[in-house]
Amino acid sequence: MISTVSGTKVKYDIRAYRNHRKVIPEKSEAPLKAKIAAGSVVGTVMPLLFLAKKQNVKPHNVKYGIKELLLVSTCGIAGGTASGIIFDEKEHRKQKINEGVFQFMNASVPTLLCGGLFKLSEKFKKLNNNYFKIGGTVAGLFGGMHIAAALSNKINDPHDKVPDRKLTILDSVANLDDALGVLVLTKVPIAEKLHVEKILPVIFSWCGYRAGMSN
């Protein structure tokens, strides 16, 4: 394109303008999120249906013990992780597996610690009181989170070649399932009145979704 300004010919290159206008839309993550969410939900629902049939109750009335908590949480996390590996890019698979290990440890270790402390309180009368139970819950959750993080980092990176996966605020929120699980296991009256066990499958599904979306 040629233009004349003050008697001088000035040449404009329109190609740069055309290149600047060209927009390449980013690939939407919505379909991927939906697939991973579905996988996580299916992973959570399947063991619930199994337990409901075994206990002869409806899925939302399943009674939880430590085994039941570990089964549902593990399957939910596995479902989200597997769907993420299947539907997302290949280069993200390792990260999803690592996050799946982390979520599993974060869901199981605090539960096992708290469950063990409560069983200990039942065996010794001096420990069978609300003070020990509350203290045991706090210690089990807080200590369990850090032990879970250390174990998962050791499993995922045994030779310590990459920075460790650190605990985040979302991880603390995810441990709500452990706190609720402890209330259910110990049959605290308020937990029975509020039916907090009905919330557990939702949290387990969310943990699976986080693992599946990790990259």
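Residues numbered from 1 in each chain as written. Predicted model: local features only at pLDDT ≥ 70, side-chain atom pairs only at ≥ 80, totals over all residues. Heavy atoms only, no water.

(A) Main features of the packing of helix 2 (residues 30-55) against helix 3 (residues 66-87). It is the contact of helix 2 with helix 3, at a shortest axis distance of 7 Å, that shows an interaxial angle of 150°. One element, helix 2, and the other, helix 3, form an angle in the roughly antiparallel class. The two elements helix 2 and helix 3 meet at a crossing, and its hand is right-handed. Across the interface between the two elements, Leu32, Lys35, Ile36, Gly39, Ser40, Gly43, Thr44, Pro47, Leu48, Phe50, Leu51 and Gln55 of helix 2 pack against Glu68, Leu71, Val72, Cys75, Gly76, Gly79, Gly80, Ser83, Gly84 and Phe87 of helix 3. Here the residues of the contact of helix 2 with helix 3 sort into 10 nonpolar, 10 polar and 2 charged. (Axes fitted to C-alpha atoms, helices over the stretch in contact; angles between N-to-C directions. Helix = DSSP H or I, 4+ residues; strand = E, 2+ residues; numbered from the N terminus. Parallel < 35°, antiparallel > 145°, perpendicular 65-115°, else oblique. Left-handed = near helix turned anticlockwise from the far one by under 90°. Contact = heavy atoms within 4.5 Å. Nonpolar A, V, L, I, M, F, W, Y, C, P; charged D, E, K, R; others polar.)

(B) Local environment of the pattern of salt bridges. The final tally for this structure, using the stated rule, is 2 salt bridges. Across the salt bridge formed by lysine 96 and aspartate 88, the nearest N and O atoms sit 2.9 Å from each other. For the pair lysine 96 and aspartate 88, a shared accessibility class is recorded, and that class is buried. Across the pair glutamate 99 and arginine 165 runs a salt bridge, and its minimum N-O distance is 2.8 Å. Of this pair, glutamate 99 sits in helix 4 (residues 93-123) while arginine 165 sits in the loop between helix 5 (130-156) and helix 6 (169-174), and the two are 66 residues apart along the sequence. (Salt bridge = Lys/Arg side-chain N within 4 Å of Asp/Glu carboxyl O. Buried < 20%, exposed > 50% of the residue type's maximum accessible area, 1.4 Å probe, protein only.)

(C) Spotlight on helix 5. Its 27 residues give helix 5 an end-to-end C-alpha distance of 38 Å, which sits within 8% of 39 Å, the value for a rise of 1.5 Å per residue. Among the residues making up helix 5, those that are buried are Gly136, Thr137, Gly140, Leu141, Gly144, Met145, Ala148, Ala149, Ser152, Asn153 and Asn156. Backbone nitrogen of phenylalanine 132 and a side-chain oxygen of the N-cap are separated by 2.8 Å at the start of helix 5; the cap is asparagine 129. (Expected span 1.5 Å × (residues − 1). Polar contact = N/O pair within 3.5 Å; in protein donor to acceptor, adjacent residues only side chain to side chain.)

This is a description of form; function is not addressed.
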